[in-house]
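# Topology and contacts: notes
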There are 2 protein chains.
Amino acid sequence: MAKGEETRQAILSRAFELATVVGVSGLSIGRLAEATGLSKSGLFAHFGSKEALEVAVVQEASRQFVQEVMVPALREPRGVPRIRALYDRWHQWGMRPGGCFFVGASAELDDRPGAPRDALAQACKDWIDELTKAASIAIREGHFRTDLEPAQFAFEEYGIMLGLHTFHSFLREPQSLERSHRAFERLLDSALVRNVRPS
Amino acid sequence: MAKGEETRQAILSRAFELATVVGVSGLSIGRLAEATGLSKSGLFAHFGSKEALEVAVVQEASRQFVQEVMVPALREPRGVPRIRALYDRWHQWGMRPGGCFFVGASAELDDRPGAPRDALAQACKDWIDELTKAASIAIREGHFRTDLEPAQFAFEEYGIMLGLHTFHSFLREPQSLERSHRAFERLLDSALVRNVRPS
């Protein structure tokens, strides 16, 4: 990694940490200058604008998500083991202090059209595509019913995770982890081949 | 209704409309003064502080939710018809312009401890209790399995609705309505007595 690239990466790691605490909108170049000890003009040279910084932070979050959630889960065997691994690592990602970056940022950027919102929506869609693909593979592996719709499975999986975040972080419901696990097991169970009922 | 109470109610209706557009945090007494044509000092006399105004807006949202969603749904027959009515009206509430007040406000107030956050979390919990109660009644009516856990049903129902909001409002996924309906039908189906499989 070239020196300039290394510096940019170090700044982005710090910016991402900050954004999980203060939000994407709360992340200013001034605040990042304080946190990194770099000059505001130096940071402007790296990012050009607050908006470009926000886009870069979303991309950094995606990079970390791919590294921590997707890459290790995709090493698991195709089918149900991989679906479980994707879910478990996704869950761990969301349970870190500050919660899930993507859930928080979606709420913030929802009403703010622009490049940061587009980058974030794309990151979420890429993830949903990955969940959908894993469900398709589970059908091909003979684990899931052939009449299961992979995108529907991904939608329901996503809903369970959103429910977990709301019940856990916002409502502080003590049983939220257990509830989300049971919901996921029920969803998985309903998708398995052995559960096809003759109609 | 006394004159003072009537004025307060008119202000609150306007404040609630504004909050669905600019957010609870974006709702200042100055902004409300512009929107109502009343003086800032007059509004201060009604609410006392920005925080008290926020709490009052959350309570107004709850009042409208009870009136538009709960009261008519509770007129439906106990059991599945009532559960469907609660879900359908809840869904209609969230599909109004500006989306669901509670979803937007939860995202905003999540990291802001205080009276408005507490009022909002209480409103969400009250609603979850209502969904839980409706599922309990469906068991007593013989519609739902006796081994169904009502609070688990409510958690999953809530997750589907959150999924709908994210897929519809944030990701603008064209099939989100259909997906959420199918998820709800699947949840309902899995709860029905006729689906108990001998183990």
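Our structure is the block above this text.
This text gives an overview of the structure that appears in the document. (Residues numbered from 1 in each chain as written. Chains lettered and ligands numbered in written order. Predicted model: local features only at pLDDT ≥ 70, side-chain atom pairs only at ≥ 80, totals over all residues.)

Before going further, it helps to examine the overall build of chain A. Along the backbone of chain A there are nine helices and zero strands. Taken from N to C terminus, the helices and strands of chain A fall in the order α-α-α-α-α-α-α-α-α. Dimensions of chain A, computed from C-alpha atoms along their principal axes, come out at roughly 70 × 40 × 25 Å. The proportion of buried residues among the 199 residues of chain A is 37%. For chain A, the share of sequence-separated contacts (at least 6 apart) that also reach a separation of at least 24 residues comes to 58%. (Helix = DSSP H or I, 4+ residues; strand = E, 2+ residues; numbered from the N terminus. Buried ≥ 20, exposed ≤ 12 C-beta atoms within 10 Å, placed from the backbone. Contact = placed C-beta atoms within 7 Å.)

A separate point is the interface of chain A and chain B. Counting residues at the interface gives 23 residues for chain A, matched by 24 residues for chain B. For the side of chain A that touches chain B, the secondary-structure elements that each account for two or more residues are α6 (101-109), α7 (115-140), α8 (150-170) and α9 (176-191) of chain A. In terms of residue count, α8 of chain A provides more of the side of chain A that touches chain B than any other element does, twelve residues in total. Looking at the side of chain A that touches chain B, its residues break down into eleven nonpolar, seven polar and five charged. (Nonpolar A, V, L, I, M, F, W, Y, C, P; charged D, E, K, R; others polar.)

Let's shift gears to the relation of the copies chain A and chain B. Expressed as a screw transformation, the operator carrying chain A onto chain B has a rotation angle of 180 degrees and an axial translation of 0.0 Å, and the superposed copies differ by an RMSD of 0.0 Å. Taken together, the rotation and translation describe the operation of a two-fold axis. If distances are taken from each C-alpha of chain A to the rotation axis, the shortest is found for glycine 159 of chain A, at 2.3 Å. In this assembly, 100% of the residues forming the interface of chain A have copies in chain B that are likewise at the interface, indicating an isologous arrangement. (Least-squares fit on C-alpha atoms with pLDDT ≥ 70 in both.)

As a further point, take α9 of chain A. For an α-helix, the turn length of 3.6 residues means that residues three or four places apart are oriented alike. With 16 residues, α9 of chain A should reach 22 Å at 1.5 Å per residue; the first-to-last C-alpha distance of 23 Å fits that figure. Along α9 of chain A, the residues that are buried comprise Arg179, Ser180, Ala183, Phe184, Leu187 and Ala191 of chain A. Taken down its axis, α9 of chain A places every buried residue within 135 degrees of arc, on the same side. Away from its buried face, by an angle of more than 90 degrees, α9 of chain A presents the exposed residues Glu178, Glu185 and Asp189 of chain A. Elements in contact with the buried residues of α9 of chain A: α5 (80-94) and α8 of chain A together with α8 (150-170) of chain B. (Expected span 1.5 Å × (residues − 1). Arc of directions from axis to C-beta.)

Once that is clear, we can look at the nonpolar core. Judged by nonpolar contacts, the single largest core of 104 residues is most densely connected at Ala15, Val57 and Phe102 of chain A together with Ala15, Val57 and Phe102 of chain B. In this structure, alanine 15 of chain A is in contact with Leu27, Leu32, Leu53, Val57 and Glu60 of chain A, ignoring residues within four places of it in sequence. (Core = buried A, V, L, I, M, F, W, Y, C linked by C-beta atoms within 7 Å.)

Take α8 of chain A next. Here α8 of chain A contains 21 residues, and its C-alpha end-to-end distance of 30 Å stays within 8% of the 30 Å for a straight helix at 1.5 Å per residue. Of all 21 residues that make up α8 of chain A, 16 are buried, and the element is covered over most of its length.

Residues and elements named next belong to chain A. Relative to each other, helix α1 (residues 3-22) and helix α4 (residues 50-73) sit at 90 degrees, their axes nearing to 9 Å. By the criterion of interaxial angle, the relationship of α1 to α4 is roughly perpendicular. Residues Leu12, Ala15, Phe16 and Ala19 of α1 lie in contact with α4, whose contacting residues are Leu53, Ala56, Val57, Glu60, Ala61 and Gln64. The residue makeup of the contact of α1 with α4, split by class, is eight nonpolar, one polar and one charged. (Axes fitted to C-alpha atoms, helices over the stretch in contact; angles between N-to-C directions. Parallel < 35°, antiparallel > 145°, perpendicular 65-115°, else oblique.)

Below, the discussion takes up the packing of helix α2 (residues 29-36) of chain B against helix α3 (residues 40-47) of chain B. Residues and elements named next belong to chain B. Between α2 and α3, the shortest axis-to-axis distance is 9 Å and the interhelical angle comes to 115 degrees. Considered as vectors, α2 and α3 are oriented roughly perpendicular to each other. Considering how the two elements wind past one another, α2 and α3 form a crossing that is right-handed. Along the contact surface, α2 presents Ile29, Gly30, Leu32 and Ala33, while α3 presents Lys40, Leu43 and Phe44. (Left-handed = near helix turned anticlockwise from the far one by under 90°.)

With that settled, the discussion passes to the environment of histidine 46 of chain B. Residue and element names in this part refer to chain B. Turning to its location among the elements, histidine 46 is positioned in helix α3. Separated by 35 residues in sequence, histidine 46 and isoleucine 11 place their C-alpha atoms 9.3 Å apart. Discounting residues that sit within four places of it in the chain, histidine 46 has contacts with Arg8 and Ile11.

Attention shifts here to the environment of serine 25 of chain B. Tracing the chain through its elements places serine 25 of chain B in the loop between α1 (3-22) and α2. As for serine 25 of chain B and glycine 79 of chain B, which are separated by 54 residues in sequence, their C-alpha atoms are 39 Å apart.

Our next topic: unusual backbone geometry. Here the phi dihedral of arginine 172 of chain A falls at roughly 50 degrees; this positive angle occurs in a residue that is not glycine. Note on placement: arginine 172 of chain A falls in the loop between α8 and α9.

This paragraph deals with the environment of phenylalanine 16 of chain A. Residues and elements named next belong to chain A. Topologically, phenylalanine 16 is positioned in helix α1. Its 20 C-beta neighbours within 10 Å are what place phenylalanine 16 among the buried residues. Along the chain, phenylalanine 16 and alanine 56 lie 40 residues apart, while their C-alpha atoms are 9.1 Å from each other.

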